[in-house]
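# Breakdown of the fold
The residues making up each chain are set out below.
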Amino acid sequence: MRKLKFMVVGMGFLSLFSCTKTSQYVVDKYVEEENKKLPISLTEYMSYDSIKCDKNDNNVIMYYALKNELIIEAVKSQDNEVTKRVLISALQKDARSQMLLKVLKESGYALTVKQLTKEHEMVKEITITPEEFSQEIDETQTKDDIKSKINNEVQSMIALCPAEVDEFTTLKNVVMDWDKMELTYMYDLHDLEIEDKEAAIENLRQALKPTILGPTMRLYRESEIAITYQYNLNGDTINVNFTAEDYK
């Protein structure tokens, strides 16, 4: 689950490296084959919609749609340079992504990730040049960048609180405890009645699991940060916990 879902490269693409084809052909073929699989829903709030090869600007562009205000605000708050360094590090560590970066570099192509709202308004745009593909990973800098990125996301969500998630749920606060390595979402529930608390916890756990294991929580998983969803209903508290063991 630690692979970058938006960088999944099929065996058909990898097999092209054994062919006596130009790098441009491989880039074109990758974009063509990738678009056949799109759009893909990555989470309830994010989808990978399309990919484009811009030969005039020597750029491969990936388009993502964000469908939740909290996610959108969190992405907006992220520092572009920090986000870029974190993305480069993730791409360099993923074996399949390394192959794609190799072809882009040989073709002199940059890689751009564009995240938009469902109304096609730009939220975030990150471009990585071929020179940046080759940057040596600074593990200390990467750890600092990840911590900064997570802190920015948390602060942006706090700024929106209280935020209505749905007709029954309000996000009241978000707390990141670096000493305990734990992220806690605090919710208020209303207009609900829970008869079986244990069953409710298990139902919530199953509903939350795709998000926990999805791309939006990748940094938290890789940093082995425990995630707790805390729900308050009429003075009673329900906790749904995810630890590093759940990420495997």
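All figures in this text were calculated on a predicted structure; none of them were measured in a lab. (Residues numbered from 1 in each chain as written. Predicted model: local features only at pLDDT ≥ 70, side-chain atom pairs only at ≥ 80, totals over all residues. Heavy atoms only, no water.)

### Quick look at the overall build of the chain
Across its full length, the chain carries nine helices and ten strands. Against the 2.2 N^0.38 benchmark of 18 Å for 248 residues, the chain shows a C-alpha radius of gyration of 20 Å, consistent with a compact globule. Considering only C-alpha atoms, the chain reaches an extent of 65 × 35 × 35 Å along its principal axes. For the chain, buried positions account for 45% of its 248 residues. The contacts in the chain between residues at least 6 apart in sequence include a share of 58% that link residues at least 24 apart. A total accessible area of about 13,200 Å² is found for the chain, and carbon and sulfur atoms account for 48% of it. Put simply, the chain has 31 plus and 43 minus side-chain charges, and the middle of one group is 7 Å from the middle of the other. (Helix = DSSP H or I, 4+ residues; strand = E, 2+ residues; numbered from the N terminus. Rg over C-alpha atoms; globule rule 2.2 N^0.38 Å. Buried < 20%, exposed > 50% of the residue type's maximum accessible area, 1.4 Å probe, protein only. Contact = heavy atoms within 4.5 Å. Areas by Shrake-Rupley, 256 points an atom, 1.4 Å probe, with all protein chains shown as cover. Lys, Arg positive; Asp, Glu negative; His and termini not counted. Charge placed at Lys NZ, Arg CZ, Asp CG, Glu CD.)

### Focus: the nonpolar core
Ranked by internal contacts, the top residues of the largest apolar core, which has 32 residues, are Leu 183, Tyr 185 and Tyr 229. Within the residue set of this core, elements represented by two or more residues are helix 4 (80-93), helix 7 (139-160), strand 7 (169-177), strand 8 (182-189), helix 8 (197-212), helix 9 (218-222), strand 9 (226-233) and strand 10 (236-242). Other than its neighbours up to four places away in sequence, Leu 183 contacts Val 154, Val 174, Val 175, Met 176, Met 217, Tyr 220, Ile 225, Ala 226, Ile 227 and Thr 228. (Core = buried A, V, L, I, M, F, W, Y, C linked by side-chain atoms within 4.5 Å.)

### A look at the sheet that holds strand 2 (residues 46-54)
Judged by pairing direction, the sheet is mixed, and its five strands sit side by side in the order 1-2-3-4-5 without closing on themselves. Strand pairing shows two members of the sheet lacking a second neighbour, strand 1 (40-43) and strand 5 (122-128), which therefore form its edges. Mean inter-strand twist for the sheet, computed between neighbouring axes without regard to direction, equals 25 degrees. Where strand 1 meets strand 2, three bridges bridge the pair, whose relative direction is antiparallel. Across the sheet, residue Ser 41 finds its bridge partner in strand 2, namely Ser 47. This element, helix 4, spans strand 4 (110-117) and strand 5 of the sheet and lies at about 55 degrees to strand 5. (Pairing = 2+ DSSP bridges. Axes fitted to C-alpha atoms, helices over the stretch in contact; angles between N-to-C directions.)

### A look at the pairing of strand 6 (residues 163-166)
Bridge analysis of strand 6 against strand 7 gives three bridges, and the strand direction is antiparallel. Looking at strand 7, one finds that Ala 163 is bridged to Leu 171. Following strand 6, the chain reverses through two residues before pairing antiparallel with strand 7.

Taken by themselves, the reported measurements are silent on function.
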